[in-house]
Amino acid sequence: SFSRFVNEELWLADRTSYLPRLVGAGEQAKLLTRPRRFGKTMVLDTFAEYLDVKNGSKRFKELFSRFAVGKMAPKECVGAGKYFVLRLDSSKSGD
């Protein structure tokens, strides 16, 4: 998960500067395509952490301070910490 990468200081390509643009692009549906085994879950987890209301300003700084979105002015972080996020994981469900 994104928070595990942050807490353990693992390497992660920083694409967080795109998050405010995705949220601020309007009401259109977004399609994020990536090849198999190429980090789709990590992208969605990062996006969920960015949007989740449980990540108040202190938690947001802990998670994103070393990334581009954490260095942006608060008014530029469109949608950050403003939504309730429901996480569903079908990978652990039976056949």
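The present account deals with the structure reproduced in this document.

Reading the values: the criteria
- Every chain is numbered independently, its residues counted from 1 as its sequence is written.
- Since the coordinates come from a predicted model, pLDDT governs what is reported: local features require at least 70, and pairs of side-chain atoms require 80 or more to be given and counted, while whole-chain, interface and lining totals use all residues.
- Note that water and hydrogens are dropped before the side-chain values are worked out from all heavy atoms of the structure.
- Buriedness of a pocket was judged along seven lines, with at least five required to meet protein on both sides within 12 Å; pockets are open sets of points on a 1 Å grid over the protein atoms alone, cavities are sets where a 1.4 Å probe fits but cannot get out, and lining residues have an atom within 4 Å of a point.
- Grid points are joined across faces, edges and corners, and a volume is the space filled by probe spheres set on the points.
- Runs of E in the DSSP output that reach at least two residues are strands. Runs of H or I that reach at least four are helices, and both are numbered from the N terminus.
- The nonpolar class holds Ala, Val, Leu, Ile, Met, Phe, Trp, Tyr, Cys and Pro. Asp, Glu, Lys and Arg form the charged class, and all remaining residues, Gly among them, are polar.
- Each axis is a line fitted through C-alpha atoms, taken for helices only over the stretch in contact, and angles between the N-to-C directions span 0 to 180 degrees.
- Every angle not falling under 35 degrees, over 145, or within 65 to 115 is termed oblique; those three ranges are roughly parallel, roughly antiparallel and roughly perpendicular.
- Here, two residues are considered to be in contact whenever any of their heavy atoms come within 4.5 Å of each other.

Let us look at the layout of surface pockets. Taken as a whole, the largest pocket holds about 510 Å³ of empty space. Elements with a contribution of two residues or more to the lining of the largest pocket: helix 2 (19–23) and helix 3 (40–51). By residue number, the principal contributor to the lining of the largest pocket is helix 3, which donates 4 residues. In the lining of the largest pocket, the residues fall into 13 nonpolar, 4 polar and 3 charged. Put simply, the second largest pocket is a space of about 410 Å³. What lines the second largest pocket is a set of 14 residues, among which Thr41, Leu44, Asp45, Leu88 and Asp89 lie closest to the centre. In terms of residue count, the dominant contributor to the lining of the second largest pocket is helix 3 (5 residues). Residues belonging to the lining of the second largest pocket are distributed by class as follows: 7 nonpolar, 3 polar and 4 charged.

Direction vectors running N to C along helix 3 and helix 4 (residues 57–64) enclose 150 degrees, while the axes themselves pass 10 Å from each other. Taken together, the axes of helix 3 and helix 4 lie roughly antiparallel to each other. Between helix 3 and helix 4, the contacting residues are Thr46, Glu49 and Tyr50 on the first element and Arg59, Phe60, Leu63 and Phe64 on the second. Along the lines of polarity and charge, the residues of the contact of helix 3 with helix 4 split into 4 nonpolar, 1 polar and 2 charged.

Purely geometric stuff here, so don't read any function into it on its own.
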